[in-house]
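Structure at a glance
Each chain is listed here by its residues.
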Amino acid sequence: MMIPLQDLLWVAWYSALAAAIVAGVGLALLHALRGSSVAIQLTVVGVSTVLATLSGIVVISLMMMINDHDLKVVLTVVTAAGVVAVAVSVLLGRRLVAANRVLVNAVRSEPYEIPAARLPAELAELSRELDAAYERLAAAHRREQALEASRRELVAWVSHDLRTPLAGLRAMAEALEDEVVADPGTVARYHRRIRVESDRLTEMVDDLFELSRIHAGALRLSRSRIGLDDLVAEALASAEALARAKGVRLQGAVQPGLPVEADAGELGRALRNLVVNAIRHTPSDGTIEITGEERDGAACVTVADACGGIPEEDLPRVFDVAFRGETARTPGGGAGLGLAIARGIVEAHAGEIGVVNAGDGCRFVVRLPLGG
């Protein structure tokens, strides 16, 4: 028998109205219980779904005017199905709560490890993200510890390096003031020494200031398009006197016309630091070779010295603040800041710097983006 369309529309209307009323009550309960357990919220969802379905069936049954026996049968079947649906919702909620408890216990453990138990996909993804977050936190903690250790080392080295020249300056000043030395030759020598030590202290203070700007992110670069060969030539010229006094030979070969977008002053300082470091650690009659070329789409500057090499375990720390390595490689002068400053400047130019042992010494390599 065909049911009139108007009757179908009325049945749909009343069923939807009853289901909407039940759904509204369920949503209100979920809002009120939004801070409660997932199991409770799933139970509310299950009960609301069952009641919405039950209300629609009851409305349909009443509107169809079936007899009491059939109505009871329908209501009994719907109620039994509803009880099963609610039980399934409760069971699912308990499983989610148990999985959540496993994840919470893993988070509270030290160190955190991904739970071995099989978790729902969402909780498993959260577990992996937590593991990655813990790894990042651990790496940040290690970096913080390394930075704090380097700071303590820096304070110790700077204190030592400041104490020696200051003591010498004070002794010479007192000798001049008390006229302990009076002959012109000695007085002139003391004056020259005072100026040398003052220049050394000024250089050390400048290095500390530059390093503080780098670490504070306050290094401002005035970039311009310059030739890499000009930068290397200036670095070699500024270090020529030191190399000659040490008896070290400087050799340079740079591909001409290789452009970089850089701050000439800052990048020149980084290259000078590398060359001066190589001179200090290269024995007399040794040779330092500086080369520049385009390699893999980048401008590369290589400073190769004859220092005898760096212990493999010290290579990762060469650019750390105040790191000096073996005593044999530290002939004095400077506070171990040159390479740290060089790295900061190169990285500020979006470049990379590294060091490897090669031949009878070390090879420092600077990679910079090519200028447009």
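First things first, this report covers the structure right here in the doc.

**Some details on empty space enclosed by the protein**
- Applying the stated criterion to the full structure yields one cavity of 30 Å³ or more.
- Lining the largest cavity are Val232, Ala235, Leu236, Leu271, Val275, Ile290, Val301 and Val303.
- Counting residues per element, the ones that place at least two in the lining of the largest cavity are helix H6 (228-246), helix H7 (264-281) and strand S5 (298-304).
- Tallying contributions element by element places H6 first for the lining of the largest cavity, with three residues.
- Here the residues of the lining of the largest cavity sort into eight nonpolar, no polar and no charged.

**Regarding the pattern of salt bridges**
- Taken as a whole and assessed by the stated rule, the structure comprises eight salt bridges.
- We note a salt bridge from Arg213 to Glu210, for which the minimum N-O separation is 2.8 Å. Taken as a pair, Arg213 and Glu210 lie in helix H5 (residues 184-215) at a separation of three residues, close to a single helical turn.
- Glu210 gets classed as buried once you look at its relative accessible area, which sits at 3%.
- Put simply, Glu266 and Arg213 hold a salt bridge, and the shortest N to O gap is 3.2 Å. Linking Glu266 in helix H7 with Arg213 in helix H5, this pair joins segments that are 53 residues apart in sequence.
- You can call Glu266 buried: its relative accessible area is 12%.
- Residue classification places Arg213 among the partly exposed positions, given a relative accessible area of 22%.

**Some remarks on the sheet that holds strand S6 (residues 352-358)**
- Taken in spatial order, the five strands line up as S2-S4-S5-S7-S6 in an open sheet, and their pairing is mixed. Two strands lie at the open edges of the sheet, namely strand S2 (249-254) and S6, each paired on one side alone. Across this sheet, the average inter-strand angle for adjacent strands is 15°, counted without regard to direction.
- Strand direction decides the pairing type here: S2 and strand S4 (residues 287-295), joined by six bridges, are parallel. Along S4, the bridge assignment pairs Ala253 with Thr291.

**Digging into a nonpolar patch on the surface**
- Together, Trp10, Trp13, Tyr14, Leu17, Ile21, Val25 and Leu29 line one region of the surface with nonpolar side chains, adding up to about 700 Å² of accessible area.
- Tracing the sequence through the fold places Leu29 in helix H1 (residues 5-32).
- Note on Leu29: relative accessible area 42%, which makes it partly exposed.

**Details of the packing of aromatic side chains**
- Scanning the entire structure with this criterion turns up one aromatic pair.
- Residues Phe319 and Phe364 carry aromatic rings whose centres are separated by 5.9 Å and whose planes lie at 90° to one another, so their mutual orientation is edge-to-face. With a gap of 45 residues between them, Phe319 in the loop between S5 and helix H8 (338-348) and Phe364 in strand S7 (residues 361-369) connect regions that are remote in the sequence. Like Phe364, Phe319 is buried.

What counts as what
Residues numbered from 1 in each chain as written. Predicted model: local features only at pLDDT ≥ 70, side-chain atom pairs only at ≥ 80, totals over all residues. Heavy atoms only, no water. 1 Å grid on protein atoms, 1.4 Å probe; cavity = no way out; pocket = protein on both sides within 12 Å on 5 of 7 lines; lining within 4 Å. Points joined across faces, edges and corners; volume = space filled by probe spheres on them. Helix = DSSP H or I, 4+ residues; strand = E, 2+ residues; numbered from the N terminus. Nonpolar A, V, L, I, M, F, W, Y, C, P; charged D, E, K, R; others polar. Salt bridge = Lys/Arg side-chain N within 4 Å of Asp/Glu carboxyl O. Buried < 20%, exposed > 50% of the residue type's maximum accessible area, 1.4 Å probe, protein only. Pairing = 2+ DSSP bridges. Axes fitted to C-alpha atoms, helices over the stretch in contact; angles between N-to-C directions. Patch = residues over 30% accessible without salt bridge, like charges linked within 9 Å, V, L, I, M, F, W, Y side chains within 5 Å. Areas by Shrake-Rupley, 256 points an atom, 1.4 Å probe, with all protein chains shown as cover. Phe/Tyr/Trp six-rings, centres within 6.5 Å; stacked < 30°, edge-to-face > 60°.

Shape is all these values report; function is a separate question.
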